[in-house]
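# Summary of the model geometry
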Amino acid sequence: MTDPQQVLADRVRDALGAAFGDDYADSDPVIRPSQFADYQSNAALPLAKKLKKRPRDVADEIVARLDLAGIADAPEVSGPGFINLTLSDGWIADQATAVGDDPRLGVPAASDPETVVIEYSSPNIAKEMHVGHLRTTIVGDALARIFEFAGHNVIRDNHVGDWGTPYGMLIEHLIDVGEDSPDARLLRTDPNTFYAAARRKFDSDPGFADRARGRIVKLQAGTDPETRRLWEELVGLSKAYLRDIYGLLRVTLTDDDIRGESFYNHMLADVASELTDKGIAVVSDGALCAFPPGFPGRDGNPLPVIIRKSDGGWNYSSTDLATVKYRVDKMNPGRVLYVVGSEQALHFKMIFATAKLAGWLADGSRFEHAQIGMVQGKDGGRLKTREGDTPKLSALLSESVERARAILDEVEGLDAEAKDAIAEDVGIGALKYADLSTARDSTYTFDFDRMITFKGDTGPYLQYATARIRSIFRRAGIDETTVTGPIVVTEKAERDLALKLLSFGAAISGVIETSEPHRLCGYVFELASLFTTFYEHCPVLKADDETRRSRLALCAATLRVVTGALGLLGVPIPERMLAPVPVPSDSPVSNDSNWPTLPAGCTVVVSAVR
RNA sequence: GCGCCAGUAGCUCAGUCGGAUAGAGCAGCUGCCUUCUAAGCAGCGGGCCGCGGGUUCGAAUCCUGCCUGGCGCGCCA
């Protein structure tokens with residue numbers, strides 16, 4: 001156990017028990033980071049009322065029983081009853097040494113490992129992905145990696161949309177234009193244009209719309225081999241596209257993780273009859289519906305979960321219900337995370353409520369909607385597509401890499417090939433970190449300039465920090481993987497850095513509790529910032545032998561934690577980066593001019609995030 | 001109309017079941033490259049935490065009313 005907050009909490013809890021009896025031995029020691037010490041305990045203030053004593057007296061009694069031998073200096077009571085806790089330099093140094101030498105970097109493996117199903121990415125594969133899919137893909141992938149590292153059995157689940165009305169449109173349109181027509185070839189070169197044409201017809205031609213809906217019913221019924229053949233053709237193309245995008249993004253999803261809506265088709269009839277038999281589903285306006293209590297609609301009447309449409313077709317509620325049942329029956333999950341857009345919050349609440357009525361949700365299993373916030377335009381409004389000018393995700397990725405490459409042009413000392421490789425890591429890393437570092441459920445303003453800047457709290461800053469550490473070892477001719485402690489702390493910068501190394505595990509468990517990867521981003525940015533401060537103030541290679549050894553060990557431990565954290569976030573890490581040559585301030589050339597940008601007024605659709 | 005979420009520095013955002021003087025990054029201003037990578041570091045300026053009530057030793061945080069914005073509300077996902 002290296003997390004200072006935990007270690008101190010245990011000690012203070014012991015003191016509480018010793019001072020006030022067993023009733024208080026498990027009360028919250030309220031350890032928090034402090035601006036006046038390393039940590040502080042705020043336990044005395046709320047306890048004072050219960051004990052009918054003055055807060056300062058309570059604090060004094062806690063301090064009197066508080067055994068911090070070997071861990072911290074003498075605690076001090078200050079203010080109305082805060083207990084300031086300052087860790088000893090020796091303890092910090094020893095613990096930091098242990099973190100650096102530990103293959104798990106001080107992160108304990110879960111004591112209660114469980115199966116965690118993580119549904120993420122889940123694009124509608126009738127069309128190409130867009131920026132809205134980027135967030136759920138990247139956040140979900142980071143969660144999958146982090147849960148796995150924490151010792152859980154992660155099942156990645158890419159719940160792609162391959163079974164809904166859009167496929168009816170595509171198949172019908174494909175039949176209209178002819179499989180060997182030039183239009184059909186668009187499916188390989190420019191699928192969005194093909195989709196847009198089908199969509200236009202669907203919206204403007206009621207006859208076509210009816211045929212498309214009829215086509216999807218035919219597909220779902222499974223009675224028409226020709227429909228099935230065309231569908232498989234289309235899905236095959238989509239899967240190839242997904243492989244390319246996931247590869248570019250360095251996302252861990254594979255074909256094996258795809259369990260799209262079609263996967264549950266064979267269960268839908270049984271789900272419908274089971275819900276009917278249990279009296280949960282009834283026919284209303286021709287559709288089979290469940291009405292879980294607590295969800296009034298516009299008119300005050302209960303809102304339906306439509307299980308089967310009046311035309312006999314199935315929809316997303318049908319498949320989502322079947323999916324719940326399938327996961328419970330086949331996977332026995334302790335937890336299921338739906339990394340899906342927040343606009344579907346009501347839908348999932350109603351699905352979970354219906355599943356609960358059906359008795360499918362075991363008491364222990366937690367089904368959670370890990371909401372992903374909307375993507376907005378700079379004007380604050382919801383982004384709508386204007387026909388044709390939706391920037392493709394692939395274009396977004398290449399622009400990010402191009403921007404990184406443009407900055408690397410300013411760098412001396414690397415050949416073009418090396419720059420190309422680094423630009424890919426930097427461009428993709430910048431994009432991913434930008435999506436990961438803000439709270440996943442906050443509304444997000446799409447702004448390329450901010451997303452692909454390389455200053456401050458960004459992916460490239462963190463990558464750069466690792467490159468600088470590696471550079472030290474390269475200069476010294478030392479293999480950093482062989483460096484071990486002991487670490488000794490003398491300077492403040494060393495102490496601050498070593499102390500931060502100890503809470504990697506706390507950052508991880510914070511992500512596990514909340515399914516919010518941005519907490520890990522915050523931690524690793526703080527760690528990297530403390531490293532650069534140390535780097536500026538504490539020479540490593542020129543220090544005397546003993547200090548040099550300690551500082552090399554501190555560098556190695558930091559490198560392991562930062563690269564470990566970035567790995568868990570899915571941010572790629574180049575081995576080397578060099579700084580751009582500074583441009584004199586009187587030069588007419590600016591470092592950030594002449595970059596390619598999206599066409600002005602370009603808008604994107606995010607309505608179908610799933 | 002009802003429901004959910006949000007409103008924190010000029011901009012983009014953090015803020016760990018209520019805790020001391022509200023934090024970062026960007027942008028602005030000052031310094032720092034014959035010394036391990038300046039995509040960096042050190043520093044400065046910048047806030048009635050949407051508004052009004054309430055709860056209490058203590059509120060950005062909890063409750064309540066209002067204002068503003070986003071999203072959702074029967075056969076799309």
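Predicted, not measured: the structure shown is a model, and the values here were computed from it. (Residues numbered from 1 in each chain as written. Chains lettered and ligands numbered in written order. Predicted model: local features only at pLDDT ≥ 70, side-chain atom pairs only at ≥ 80, totals over all residues. Heavy atoms only, no water.)

By secondary structure assignment, the location of A142 is in helix α5 (residues 131-149). As a C-alpha pair, A142 and V58 span 84 residues in sequence and 44 Å in three-dimensional space. Filtering out sequence-adjacent residues up to four positions away, A142 remains in contact with L436, P517, L568 and L569. (Helix = DSSP H or I, 4+ residues; strand = E, 2+ residues; numbered from the N terminus. Contact = heavy atoms within 4.5 Å.)

On to the domain arrangement of chain A, then. Entries for chain A in the domain assignment read domain 1 (4-87), domain 2 (115-341 + 356-374) and domain 3 (393-591). Each partner contributes residues to the interface: domain 2 has 28 residues there, and domain 3 has 32 residues. Carbon and sulfur atoms make up 68% of the surface buried where domain 2 meets domain 3, a total of about 2700 Å² over both sides. Taken as a group, R135, I146 and R250 account for 25% of the area that domain 2 buries against domain 3, more than any other trio of residues on that side. On inspection of domain 2 and its partner domain 3, the count reaches two salt bridges. Taken together, the links from domain 2 to domain 3 amount to 12 residue pairs in polar contact (both at pLDDT 80 or more). Elements with a minimum of two residues in the side of domain 2 that touches domain 3: α5, α10 (225-249), β10 (335-341) and β11 (366-372). If you tally residues by element for the side of domain 2 that touches domain 3, the top one is α5, at 11 residues. (Domains from an automatic or database assignment. Buried area = accessible area lost by both parts, 1.4 Å probe. Salt bridge = Lys/Arg side-chain N within 4 Å of Asp/Glu carboxyl O. Polar contact = N/O pair within 3.5 Å; in protein donor to acceptor, adjacent residues only side chain to side chain.)

With that settled, consider the side chain of R335. Its location among the elements puts R335 in strand β10. By relative accessible area, which is 3% here, R335 ends up buried. Of the polar contacts made by the side chain of R335, one reaches the side chain of E368; its length is 2.8 Å. Setting aside residues up to four positions removed in sequence, R335 forms contacts with E114, T115, V116, V117, F147, R366, E368, I512, E513 and S515. (Buried < 20%, exposed > 50% of the residue type's maximum accessible area, 1.4 Å probe, protein only.)

Around RNA strand B, a shell composed of 74 residues is seen, among which D28, Y316, K542, M577 and A579 lie nearest. For RNA strand B, the backbone makes up 57% of the atoms found within 4 Å of the protein, where backbone means sugar plus phosphate. In this structure, A439 approaches RNA strand B through a main-chain N or O atom, which is 3.1 Å from a phosphate oxygen. Interatomic distance of 2.7 Å between a side-chain N/O atom of R468 and a phosphate oxygen of RNA strand B. Within the residue set of the surface near RNA strand B, elements represented by two or more residues are β1 (31-33), α2 (44-51), β4 (82-85), β8 (287-290), α14 (393-408), α17 (459-476) and α20 (518-537). A class-by-class count of the residues in the surface near RNA strand B yields 32 nonpolar, 24 polar and 18 charged. (Near = heavy atom within 4 Å. Nonpolar A, V, L, I, M, F, W, Y, C, P; charged D, E, K, R; others polar.)

Considering every residue of chain A, the mean pLDDT works out to 89; 93% of them sit at 70 or more. Ranking the elements of chain A by mean pLDDT puts helix α16 (residues 448-451) last, at 75, and strand β6 (residues 153-157) first, at 98. Throughout residues 384-388 the model reports pLDDT below 50, and contacts reaching past four residues in sequence, or to other chains, amount to nine contacts. Taken as a whole, residues 583-610 scores under 50 in pLDDT and shows 66 contacts with residues more than four places along the chain or in a different chain. Scoring the predicted complex yields pTM 0.93 and, for the interface, ipTM 0.96. (pLDDT = per-residue confidence, 0-100.)

A separate point is unusual backbone geometry. Phi at R250 is positive, roughly 55°, even though this residue is not glycine. Relative accessible area serves as the criterion here: at 27%, R250 is assigned to the partly exposed category. One non-glycine residue, N332, adopts positive backbone phi at about 45°. Relative to the helices and strands, N332 is located in the loop between α12 (316-331) and β10. Residue N332 is classed as exposed on the basis of its relative accessible area, which comes to 62%.

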